[in-house]
Amino acid sequence: MDDQNKNKDFSVCTYGEAKTGGGQHLEFICRPDDIEYVKHFLADNIKSVDIPTTRRVSISHGVYGRYSRYNVVQHKYAGGGYGPGCGGFIEVLEIKNPPEKRHGIVLYEYINNLSSFTEWKTLENAKAAFVERNNSEEGERLAKLKGFIRSVNCGPFQPWFYAIGDEELIGDFVFPEGFQDDPVYRFGKKFVVTYEGYAEVKTCMGVRFIQKEVEDHYPSSKKLMIFRLIYWDDGSVTRDDCHQYRLENPRPLEEGEMWITEALLNFRRMLSGKTERFEINFTDGNKFVGRISKSGNKAKCPQGKYHLKVYFKGKKRPLEGWVDFKPTLKHPNVINYTKQSLKVQDDEIDRIQILGKKVERGGKKWSGVFFNLPE
């Protein structure tokens, strides 16, 4: 090792995960700029590493415990639930060593064998959401609370922060053990899944085969039923009865239908405010065009100062001046905001003209349908 590497500063570090050339799963700590170098080095040069002890954290859930290979601290916990599963819990977790591209502060819910979690900017935000969630059955309200980042529906999957041993992480989930190879429903393959007449493109995560005895036509006789449970990347599950064809069964996405996936990606970009228009060109010369129509009072305005001229019906002289505007969900548009501020009816105003504006740098602005509210 040269002197330059010997004296490198490790005061700023990040956590990472990788596999050695022999397939051993490892967790490591390094400088942020070195994470890809360490991954390639372990894969190309190291077959295995002997670790004297393996640390696993057990998180208490009432009388039960749950293990994780990460350094997890449980700050809040409440048990409860109802229905067929007869129970569940909600907890605030701080994962002190999350791998790259994963957030370490979550509010996790496990109710009736289904799970989900939300990510929060700070531990205080997550604790406040915990109190709000316990006092309300409306999970949608969490997205409006301070510090909310995003929500993940795990369905029957295990969330990444409860991985143990050398289990693989696939996105937000732990790749489940016991998934069987299937000639049709293979991991990573895209399918068109239809439910109640609505078709959606999903990625297969794996399949489980289930066998159980059910009563035949006569109570005294039974027959063996075999069916698949197909797990999708969005946390949903489809039951496929083997040897029984139905029109709504998932079917593989044809190569010529890949434009559907491209359209969905562009649509999500448009909803997130990255673009306001996109096109998909077909081989027969036709074209699919998607765009956001922003007109009238529904158009969003960025934060700033607006020079307005308000014309009233029956009056010759308009009202003119500058207005300080900050968008909210109730008033995303400076026109609506001005009408509310003037406390007049729509039929009293002939028109409102925007003569000029000074947009505030870094101010709140439209970000697609996921509108940014001021905190």
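The coordinates are above.
Residues numbered from 1 in each chain as written. Predicted model: local features only at pLDDT ≥ 70, side-chain atom pairs only at ≥ 80, totals over all residues. Heavy atoms only, no water.

1. Some thoughts on the overall build of the protein
Thinking step 1. Within the protein, the secondary structure is distributed over five helices and 22 strands.
Thinking step 2. For the protein, the proportion of its 375 residues judged to be buried stands at 35%.
Thinking step 3. Put simply, of all contacts in the protein between residues at least 6 apart along the chain, 48% involve residues at least 24 apart.
Thinking step 4. Of the roughly 24300 Å² of accessible surface on the protein, 50% is carried by carbon and sulfur atoms. (Helix = DSSP H or I, 4+ residues; strand = E, 2+ residues; numbered from the N terminus. Buried < 20%, exposed > 50% of the residue type's maximum accessible area, 1.4 Å probe, protein only. Contact = heavy atoms within 4.5 Å. Areas by Shrake-Rupley, 256 points an atom, 1.4 Å probe, with all protein chains shown as cover.)

2. Observations regarding the pairing of strand β1 (residues 14-19)
Residues in a regular strand project their side chains so that they alternate between the two faces of the sheet.
Thinking step 1. Where β1 and strand β2 (residues 25-30) come together, six bridges link them in antiparallel fashion. Residue pairing across strands places A18 opposite L26, the latter belonging to β2.
Thinking step 2. Here β1 hands over to β2 after five residues, with G23 in that stretch at a positive phi of 90 degrees. (Pairing = 2+ DSSP bridges.)

3. Notes on the pairing of strand β7 (residues 105-111)
Thinking step 1. By the criterion of burial, β7 is predominantly enclosed, with five of the seven residues buried.
Thinking step 2. As paired elements, strand β6 (residues 88-95) and β7 share seven bridges and run antiparallel to each other. Looking across to β7, one finds that I90 is bridged to E109.
Thinking step 3. Relative to strand β8 (residues 114-120), β7 is paired through six bridges, and the arrangement is antiparallel. Among the inter-strand pairings, Y110 is bridged to a residue of β8, identified as S115.

4. A look at the sheet that holds strand β10 (residues 158-159)
Thinking step 1. The three strands are arranged β10-β12-β11 in an open sheet whose pairing can be described as antiparallel. Whereas interior strands pair on both sides, the edge strands pair on one side only; in this sheet they are β10 and β11 (169-170).
Thinking step 2. Bridge count for β11 against strand β12 (residues 173-174) is two bridges, and the pairing is antiparallel. By the bridge assignment, L169 is partnered in β12 with V174.

5. Re the nonpolar core
Thinking step 1. Counting 22 residues, the largest nonpolar core has Y70, L93, I95, F117, W160 and F161 as the members making the most contacts within it.
Thinking step 2. For this core, the secondary-structure elements that each account for two or more residues are β3 (57-61), β6, β7, β9 (148-155) and β12.
Thinking step 3. Here the element with the most residues in this core is β6; it accounts for three residues.
Thinking step 4. Once residues within four sequence positions are removed from consideration, F117 is found in contact with V106, L107, Y108, R150, S151, V152, C154, P159, W160, F161 and D172.
Thinking step 5. With eleven residues, the next largest nonpolar core counts Y306, V323, I349 and I352 among its residues. (Core = buried A, V, L, I, M, F, W, Y, C linked by side-chain atoms within 4.5 Å.)

6. Remarks on the pattern of salt bridges
Thinking step 1. In total, this model carries eleven salt bridges according to the counting rule given.
Thinking step 2. Here R150 ties to D172 by a salt bridge, and the two come within 2.5 Å at their closest N and O atoms. Remark: D172 occurs in the loop between β11 and β12 and R150 occurs in strand β9; sequence separation between them is 22 residues.
Thinking step 3. You can call R150 partly exposed: its relative accessible area is 32%.
Thinking step 4. The class of D172 is buried, set by a relative accessible area of 18%. (Salt bridge = Lys/Arg side-chain N within 4 Å of Asp/Glu carboxyl O.)

7. Considerations on helix α2 (residues 35-45)
Thinking step 1. Along α2, the positions that sit buried rather than exposed are I35, V38 and L42. Buried residues of α2, seen end-on, are gathered within an arc of 60 degrees and therefore sit on one face of the element. The exposed residues of α2 that point more than 90 degrees off its buried face are Y37, D44 and N45.
Thinking step 2. Residues of α2 that are buried in the fold lie against β1 and β2. (Arc of directions from axis to C-beta.)

8. What about the environment of P250?
Thinking step 1. Mapping P250 onto the fold places it in the loop between β16 (237-241) and β17 (251-252).
Thinking step 2. If we ignore the near neighbours within four places in the chain, the residues touching P250 are Y185, F191, V192, V193, I230, W232 and T238.

9. Some points on the side chain of E17
Thinking step 1. With respect to the secondary-structure elements, E17 resides in strand β1.
Thinking step 2. Engagement of the side chain of E17 in a polar contact is seen with the side chain of R69, the distance being 3.4 Å.
Thinking step 3. Side-chain polar atoms of E17 contact the side chain of Y70, separated by 2.4 Å.
Thinking step 4. Leave out the neighbours within four places in its chain, and E17 touches H25, L26, F28, K39, R69, Y70, P99, E100 and L169. (Polar contact = N/O pair within 3.5 Å; in protein donor to acceptor, adjacent residues only side chain to side chain.)

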